[in-house]
Amino acid sequence: MLLGPTDPLPVDTRRILITGASGAGKSTLRETIGTALGLPSVEIDSLHHGPHWTPRPSFADDVERFTTGPRWVIEWQYTEVRALLLDRADILIWLDHGRWTVTHRVVRRTVGRRIRRIELWNGNYEPPLWTIFTDPEHIIRWSWRTHDTRRREALDVAHRADGPLVVRLAGQRAVDTWVRGPLRQLANR
């Protein structure tokens, strides 16, 4: 079932996934939701990336452990754990921003992190900016290439009879409306 930014959330919503293209604002919204509802929250990238951008061997076990609890919020990423996350979720929040909005955000974020040398996870930093031309998996290229894939995946979940509810938030105005409306209402219950 597909909900919009003003549709109320079920009162028992306590296991929340967030999807969208890289740069859509998943981590920011995850933090907002976690704070508003008092839910345990973890950035899935911090569980996945070990030193030197290598996948952590304990990744799937860490996600399993985190989502065993009755209350949580996490991003819906990484093929290895996507089915597990979806099976356990009450709701999937879909950040369906336009490709150019997401591209602007991911470029600004990536450049800012690189210039300020912000550590991301487990000793990792954004690579040199010129690697956008040499690395097909560069985050900016990845965001552009997978934008439509995230949309198809969210729509597929929305049409599943056995899947979680999907809340589609198309654009920042819809996100703000949802945070001030249905999320706040759920927090006040």
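Residues numbered from 1 in each chain as written. Predicted model: local features only at pLDDT ≥ 70, side-chain atom pairs only at ≥ 80, totals over all residues. Heavy atoms only, no water.

J.: Explain the side chain of H49 to me, using residue names and the numbers behind them.
T.: Topologically, H49 is positioned in the loop between α2 (44–48) and α3 (59–68). Ignoring any residue separated from it by four or fewer positions in sequence, one finds H49 in contact with T54, R56, Y78, W121, N122 and N124. (Helix = DSSP H or I, 4+ residues; strand = E, 2+ residues; numbered from the N terminus. Contact = heavy atoms within 4.5 Å.)

J.: Outline the sheet that holds strand β4 (residues 91–95), supporting the account with residue identities and numerical values.
T.: Spatially, the 5 strands line up as an open sheet ordered β1-β5-β4-β2-β3, and their pairing is parallel. If you trace the sheet from one side to the other, it starts and ends with β1 (2–3) and β3 (72–75), each paired once. Examined bridge by bridge, β1 and strand β5 (residues 165–169) share 2 bridges and lie parallel to one another. The residue bridging L3 from the neighbouring strand is V167, located in β5. (Pairing = 2+ DSSP bridges.)

J.: Tell me about the nonpolar core, residues and numbers included.
T.: Core analysis: the largest hydrophobic core is formed by 22 residues, its most contacted members being I16, L29, I33, I93, V167, L169 and W178. The set of elements that each furnish at least two residues to this core consists of β2 (15–20), α1 (26–37), β4, β5 and α7 (172–187). The contact partners of I16, leaving out residues within four places of it in the chain, are I33, L37, L39, W72, V73, I74, I91 and I93. In terms of nonpolar packing, the next biggest core, distinct from the first, is built from 20 residues, L47, W72, I74 and L85 among them. (Core = buried A, V, L, I, M, F, W, Y, C linked by side-chain atoms within 4.5 Å. Buried < 20%, exposed > 50% of the residue type's maximum accessible area, 1.4 Å probe, protein only.)

J.: How would you summarise the pattern of salt bridges if you had to cite specific residues and measurements?
T.: Oppositely charged side chains are able to pair whenever their charged atoms sit close together. Applying the stated rule across the entire model yields 15 salt bridges. A salt bridge links R151 to D96, with the nearest nitrogen and oxygen atoms 2.5 Å apart. Taken as a pair, R151 in helix α6 (residues 139–158) and D96 in the loop between β4 and α5 (99–116) lie far apart in primary sequence, 55 residues in all. Classification of D96 as buried rests on a relative accessible area of 6%. Two residues, D162 and R160, come together in a salt bridge whose shortest N-O distance is 3.1 Å. Classification of R160 by relative accessible area gives partly exposed; the value is 31%. Sharing partners across several salt bridges, the network here consists of R30, E31, E43 and E75. (Salt bridge = Lys/Arg side-chain N within 4 Å of Asp/Glu carboxyl O.)

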